[in-house]
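Analysis of the macromolecular model
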Amino acid sequence: MMPPHYALSDAFIVLVTIFAGNALRRNGQNLLAFSMACFGIAAAVGVVRFAGGLQDELASLHSGASQYLGLVGTLAVASACVFRGGGRGDALRLGIILFVAGAGYVFARPLLAPFFILALVIAFIAAIARPFSSQQKWLVPIGVVIMLANAIFIRRAAWLDEAVSWHLYHVLVALALAVLAKGMIVTERNMRKPLA
């Protein structure tokens, strides 16, 4: 049975996604705000699971929410990097993302991790190939690299204690989401500045 302190790092993700999601929404980045909500909801299930002593009862829901909503959130980040989000087409892209993630979750669950990694690679390439017009244009690719390295090297790492791996993974997810949000908000604000 996993102890209640496992809820702490999930709670950190919830807090980051609340602040980042609200900032993105106010900045007109609705697809990215939705992405933050996906990560936040999955983490909130973890908070309730561990803080409420419902480890066994909510294990399936927590796992399913983390896999499905994590993939939806990651695909939304990739879409925002490729298409720059924040306007027309976001609703259509969101519908496609929900369908693809749902189909993957139902019919190809063993492929979810490769889909997740592929989405991050696409996001990284798009952020490098089409750099954001920002003084901090490297924030977005740095956030994506943190998520990618975290997924490959930290999640369920055999060389780390289980509790350390759990907390480090979630803290790095929260950090990556904060960096991504900051990078994209700065980009959009700079793009909206009138030309001198």
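Up top is the structure.
Predicted, not measured: the structure shown is a model, and the values here were computed from it.

Topic: the pattern of salt bridges
Evaluated as defined, the whole model comprises one salt bridge. The salt bridge partner of R93 is D90, with a shortest N-O separation of 3.1 Å. Here D90 and R93 lie together in helix α4 (residues 90–107), a separation of three residues that amounts to about one turn. Each member of the pair R93 and D90 is classed as buried.

Considerations on the environment of R84
Secondary-structure assignment places R84 in the loop between α3 (59–83) and α4. The buried category is assigned to R84, whose relative accessible area is 14%. Along the chain, R84 and W159 lie 75 residues apart, while their C-alpha atoms are 38 Å from each other.

So, unusual backbone geometry
Although it is not a glycine, R156 adopts a positive phi angle of roughly 55°. Mapped onto the fold, R156 is located in the loop between α6 (139–154) and α7 (162–192). A residue is classified by how much of its surface remains accessible, and R156, at 71% relative accessible area, is exposed.

Points about α4
Its 18 residues place the ends of α4 25 Å apart at the C-alpha level, agreeing with the 26 Å of an ideal helix rising 1.5 Å per residue. Buried residues in α4 make contact with α2 (30–51), α3 and α5 (112–129).

Details of the packing of α3 against α5
It is the contact of α3 with α5, at a shortest axis distance of 8 Å, that shows an interaxial angle of 20°. Classified by the interaxial angle, the pair formed by α3 and α5 is roughly parallel. Between α3 and α5 lies a crossing whose hand is left-handed. Residues Q67, G70, L71, T74, L75, A78, C81 and V82 of α3 touch α5, and the partners they reach there are L112, F115, F116, A119, L120, I122, A123 and A126. Residues that form the contact of α3 with α5 fall into these classes: 13 nonpolar, three polar and no charged.

Thresholds applied
Per chain, residue numbering runs from 1 following the sequence as it is written. Residue-level local features of this predicted model are given only where pLDDT is at least 70; pairs of side-chain atoms are given and counted only at 80 or more, and the full residue set underlies all totals for whole chains, interfaces and linings. Hydrogens are left out, water is left out, and the side-chain values use all remaining heavy atoms of the structure. A pair is scored as a salt bridge if a Lys or Arg side-chain nitrogen falls within 4 Å of a carboxyl oxygen belonging to Asp or Glu. Secondary structure elements are taken from DSSP: a helix is a run of H or I of four residues or more, a strand is a run of E of two residues or more, and numbering for both begins at the N terminus. Exposure categories follow from relative accessible area, calculated using a 1.4 Å probe and restricted to protein chains: below 20% of the type maximum is buried, above 50% is exposed, and the middle band is partly exposed. Helix span, as expected, comes to 1.5 Å for every residue beyond the first. When checking whether two residues touch, look at their non-hydrogen atoms; a contact exists if any pair is within 4.5 Å. The convention used is that axes are lines fitted to C-alpha atoms, helices contributing only their stretch in contact, and that angles between N-to-C directions extend from 0 to 180 degrees. Working definition: roughly parallel below 35 degrees, roughly antiparallel above 145 degrees, roughly perpendicular at 65 to 115 degrees, and oblique for all remaining angles. We call a crossing left-handed when the near helix sits turned anticlockwise from the far one by less than a right angle, and right-handed when that turn is clockwise. Note on residue classes: Ala, Val, Leu, Ile, Met, Phe, Trp, Tyr, Cys and Pro are nonpolar, Asp, Glu, Lys and Arg are charged, and everything else, Gly too, is polar.

Purely geometric numbers; function is a separate question.
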